[in-house]
Protein chains: 2
Amino acid sequence: MGGTATAPRPHVVIVGAGPAGLWAARRLGRQPVDITLVDRNNYHTFQPLLWQVASGTVGPEEIVTPIRSLVRRQPNTRFAWMEVQEVDLERRLVRGAGQEMAYDLLVLATGSATHFYGIPGAAEHCLPLKTVAEAVALRNQVLRCFERAVLEESAEVRRRLLTFAVVGGGPTGVEFAGGLAELVKSLRDRDFPGLRREEMRVVLLEALDGLLGGFPPQLGRFAARHLARMGIEVRLGAAVAEVTPQTVWLKDGALIEAETVAWVAGVQGDPAARAWGLPVGRGGRIPLLPSLQLPGHPEVYVAGDLAHQEQEGHPLPMVWAVAVQQGQMVARNIARQLAGQEPMAFRYRDRGSLAVLGRMGGVGRLWGRPVTGLVAWLAWAYVHLTTPPGWRNRLVVALDWVWDLGGRRANQSIVR
Amino acid sequence: MGGTATAPRPHVVIVGAGPAGLWAARRLGRQPVDITLVDRNNYHTFQPLLWQVASGTVGPEEIVTPIRSLVRRQPNTRFAWMEVQEVDLERRLVRGAGQEMAYDLLVLATGSATHFYGIPGAAEHCLPLKTVAEAVALRNQVLRCFERAVLEESAEVRRRLLTFAVVGGGPTGVEFAGGLAELVKSLRDRDFPGLRREEMRVVLLEALDGLLGGFPPQLGRFAARHLARMGIEVRLGAAVAEVTPQTVWLKDGALIEAETVAWVAGVQGDPAARAWGLPVGRGGRIPLLPSLQLPGHPEVYVAGDLAHQEQEGHPLPMVWAVAVQQGQMVARNIARQLAGQEPMAFRYRDRGSLAVLGRMGGVGRLWGRPVTGLVAWLAWAYVHLTTPPGWRNRLVVALDWVWDLGGRRANQSIVR
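This report concerns the structure included in the present document. No experiment lies behind these values; they were computed from the predicted model shown.

1. Details of the interface of chain B and chain A
Where interface size is given, it is often the accessible area lost as the parts come together that is meant.
Right, so step 1: The interface is formed by 43 residues belonging to chain B together with 42 residues belonging to chain A.
Right, so step 2: Interface area, chain B with chain A, both sides summed: about 3,900 Å², of which 53% is carbon and sulfur.
Right, so step 3: Where chain B packs against chain A, one counts 10 salt bridges.
Right, so step 4: Two residues, Glu61 of chain B and Arg139 of chain A, come together in a salt bridge whose shortest N-O distance is 3.1 Å.
Right, so step 5: Contributing elements (two or more residues each) for the side of chain B that touches chain A: strand 4 (64–66), helix 3 (67–71), strand 5 (77–81), helix 5 (132–150), helix 7 (171–191) and helix 12 (391–405) of chain B.
Right, so step 6: For the side of chain B that touches chain A, the leading source of residues is helix 12 of chain B, giving 7 residues.

Structure representation (structure tokens):
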């Protein structure tokens, strides 16, 4: 725990080492506090590249970084590998398996979880894409379908094995569908010349009448045209009614036979928050004061996907940049609080958002202006190479992208 | 299946895409045969670096290569992802789940499996190191023990969590013990400054009275001294009597309390061979004609760890180089057989063998001469960077070694 102060220093417990928790911890590195950063994994995941793991472009270990290596240079910070099972706001305690931790200040940044909206069969038969393990499982499933199809005699079964449905036309769905279409193309051209092109389908299902909900409508239309040119069946207004093994039923009665159904249709605030008895609002997120403090508990902050805040009448999106800025603001407000100052209101500075559309393609906004094509892809590549922590990972990801631009996929081993 | 010949070409089925099977397939790439390469995994594993995965130096996906990418340029070769369940020598058939494959020539190269010698509790409580999944499980176990120890109040439990026993003082045991000692040192110095050095132990147990059985005795002694200087407790003549949860009992009555017991004490020929009704000899390996043919079945070849052959009165060791050379010889003998020539007798050309002793250390023989220290390490590094297939993997492994020489371990995330 280090430190030379003689008076006991306030103990800040940060639950969750995603972007919000990690950036909060880092900004508090020189403050006169003792920090315990808690996570159920011993690594930090760079979630914006999860879809690239699922589509075989980068390897799973390239987007994770051991948390200890990220806070190693902060003598005031220790890491505890623990799944929090209880938060006791009254006694100011956090409990995990056999562990109890008292806090003076608490930061809750446990993020979000896949939301299936109670659609029958979705949780049982779809593959989500929210953790590294899920990304690997999705990639392995696609590869397994090809391996099975090439040994399969029935054309009907082969078509089902080679139909890949992606539910959800938000940024993750759009990016993953593009990556998946390229994986399918690469497998078809390079590894499975015996399989027929007509038997392969990538279907992107979006319940609303446009892709990329949070983006300006013309960018959603651009993305739909671009994905269609890549050979993806983009189906708008296609709300899923039920998922059974190997079949997706739509509300309009249509059905899609697919061995693989990826679910990237939505997320909700970490359900653990509700289990801990915290006041949870819409989307499982916790409504907060403008300062990111929990109403009635000035010693408790919430940041990242779990935090519900509105700006210009809209809830802030559950994205990496919001989480990082909120984590930084929490650190700042804790420092102010300890110095006897008023905490400040959080305001998200939206520099833009980008979604990749396959190799060298993309769409998005930068400083309020729409960008498409190679410019969007380059901006995306720059941001996603410089944001994740750790030089080794950046180098290997860059290497994999170079491989990928050459039409190769580096990660096609079905390692369980 | 390609090919322009009008007459049906002989069908060669190769079971197992390890070094023996893969090199056999590659050498047959231009022969007038149709090849089906069968493996239960869709990837080839570079087993000589498994211990580096287990000690966190390289990542699991860096030592595997998709088999399809390795035979992509051979139009006469197809890959089938299948676990063989039956070999019918009379009807010349190989069967897997729902698949049946007729062969004209068969190459069995399914390798070896961990051998626990029937020692009570060994199979249940030890962690083997024979597959990528096992290497990751072993690495995760070590990391998990550190994470648990740092939260543990009882000194006794902490000591047990931080005691790592390695059973088996052959090359794999020696290399893994060295890698493990460095992982432990790196974790202690960099990631867990709160844990005490005295509570950490790496214990290498060898039943015989020297390390590195197959090497000249002075090299075994050199290795023992070197590992002892690295802080490893090398215990010779330490035969394991029984393993219970958290305890290893030795035949002399001594016991070692350890949460983690790695088992690298031995291998046997793939037990499936016996289940298929093949004539299995000592160590589960199949005795063969000098030409690597199965006696009475000139159309069946066996190569690699599964093949039992003696040279100068000793069985050939179950190592990568023997497997590669046997695979090449099988290909050559198949070509001779098809050309109406007599198959040739296999003879292993032993260029040497090397074992790494931690960072920049090593021991071994090269062209019959003993080498130690940096020279051995450099020779080892050269061989292990140039042998595994695939430029991407070589690059990333080299990158990880550079990281490692700088005292960092790249792969410390407990990804399940």
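2. As for the relation of the copies chain B and chain A
Right, so step 1: Rotating chain B by 180° and moving it 0.0 Å along the rotation axis overlays it on chain A with an RMSD of 0.0 Å. The two molecules are tied by a two-fold rotation axis, judged by turn and shift. For chain B, the minimum C-alpha distance to the rotation axis belongs to Val396 of chain B and amounts to 3.4 Å.
Right, so step 2: Most of the interface of chain B is mirrored in chain A, where 98% of its interface residues are also at the interface.

3. Description of the packing of aromatic side chains
Right, so step 1: According to the stated counting rule, one finds 14 aromatic pairs over all chains in the structure shown.
Right, so step 2: Plain terms: the ring middles of Phe146 of chain A and Phe192 of chain A are 5.3 Å apart, the flat faces sit at 45° to each other, and that makes the pair tilted. With Phe146 of chain A in helix 5 (residues 132–150) and Phe192 of chain A in the loop between helix 7 (171–191) and strand 13 (201–205), this pair connects stretches of sequence that are 46 residues apart. Both residues of the pair, Phe146 of chain A and Phe192 of chain A, belong to the buried class.
Right, so step 3: The interplanar angle of 50° and the centroid separation of 6.0 Å between the aromatic rings of Trp51 of chain B and Trp380 of chain B together place this pair among those described as tilted. Pair noted here: Trp51 of chain B is in helix 2 (residues 50–54) and Trp380 of chain B is in helix 11 (residues 373–386), with a separation of 329 residues, a long-range link.
Right, so step 4: Three or more aromatic residues joined by ring pairs make a cluster, and in this case those are Trp23, Phe46 and Trp320 of chain A.
Right, so step 5: Over the face of the ring belonging to Trp23 of chain A we find Arg26 of chain A, whose NZ or CZ atom lies 5.7 Å from the ring centre.
Right, so step 6: The positively charged end of Arg394 of chain A is found above the aromatic ring belonging to Trp391 of chain A, 4.8 Å away from the centroid.

Thresholds, definitions, all that
Residues numbered from 1 in each chain as written. Chains lettered and ligands numbered in written order. Predicted model: local features only at pLDDT ≥ 70, side-chain atom pairs only at ≥ 80, totals over all residues. Heavy atoms only, no water. Contact = heavy atoms within 4.5 Å. Buried area = accessible area lost by both parts, 1.4 Å probe. Salt bridge = Lys/Arg side-chain N within 4 Å of Asp/Glu carboxyl O. Helix = DSSP H or I, 4+ residues; strand = E, 2+ residues; numbered from the N terminus. Least-squares fit on C-alpha atoms with pLDDT ≥ 70 in both. Phe/Tyr/Trp six-rings, centres within 6.5 Å; stacked < 30°, edge-to-face > 60°. Buried < 20%, exposed > 50% of the residue type's maximum accessible area, 1.4 Å probe, protein only. Lys NZ or Arg CZ within 6 Å of the ring centre and 35° of its normal.

These figures come from the coordinates and say nothing about function on their own.
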